[in-house]
Amino acid sequence: GHVQVAGIVRDIKWDDLNNDQVDLTGSATGWGFNVSTNLKLAKHVFRGSVAYGDGVQNYWNDAPVDIGIQNNFSDPRRPVVGKALPILGIVAFLDLNWNAKWTSTVGYSLVNITNSDGQAADAYKKGQYALANILYYPAANFFLGPEIQWGKRENFKDGFTSDDVRIQFSVKYNFKYQLGGK
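I'd love a proper account of the packing of aromatic side chains, names of residues and values included.
Enumeration according to the criterion identifies 4 aromatic pairs in this entry. Taking 5.4 Å as the distance between ring centres and 50° as the angle between the ring planes, the aromatic pair formed by Tyr137 and Phe143 counts as tilted. For Tyr137, a relative accessible area of 26% translates into the label partly exposed.

Pasting the structure below:
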């Protein structure tokens, strides 16, 4: 197994191109870190990751915007300002190798954003995802099996949540074909 640590720091800037009395120009520093691991547990493998940061949503698959609107109504020239949004992500999966013919994966992931006070009530706040499967390998380079998946989205302030459960059946065959050459 292994453990990896990664980090990022980035400068984010935006310009107000309107020629009026309100100034929406701004900047923020985006930063984040990630700790991930693959741990061998006898014949099984645990895959996990924890990431946290501000203004790094563009580097994540499910997260939307890096910068949210923060209310600043006491300043009529700058009634809103941009704020780098904090984000937390967790991934935990276990690959179970029962024997040469059967495997399973069970896992969970979470993306949680701390929204700013000026964001819309329907802004993305939290997403969760879990799955479990069992796969059968009847021959080399070939597997098939069912998987159950669950996902949930939660919005910032409007009370909206949505759950989704689905079952899929997968079949995969790996092959190699080479044209020309040796």
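The discussion continues.
Give a description of the pairing of strand β8 (residues 124–139) that names residues and reports values.
Examined bridge by bridge, strand β7 (residues 102–113) and β8 share 11 bridges and lie antiparallel to one another. Across the sheet, residue Trp102 finds its bridge partner in β8, namely Tyr136. Pairing geometry for β8 and strand β9 (residues 142–155), over 11 bridges, is antiparallel. What sits directly across from Leu131, in β9, is Gln149. Hairpin connection of β8 to β9: 2 residues between the antiparallel strands, including Asn141 at a positive phi of 65°.

Rules of the game
Residues numbered from 1 in each chain as written. Predicted model: local features only at pLDDT ≥ 70, side-chain atom pairs only at ≥ 80, totals over all residues. Heavy atoms only, no water. Phe/Tyr/Trp six-rings, centres within 6.5 Å; stacked < 30°, edge-to-face > 60°. Buried < 20%, exposed > 50% of the residue type's maximum accessible area, 1.4 Å probe, protein only. Pairing = 2+ DSSP bridges. Helix = DSSP H or I, 4+ residues; strand = E, 2+ residues; numbered from the N terminus.

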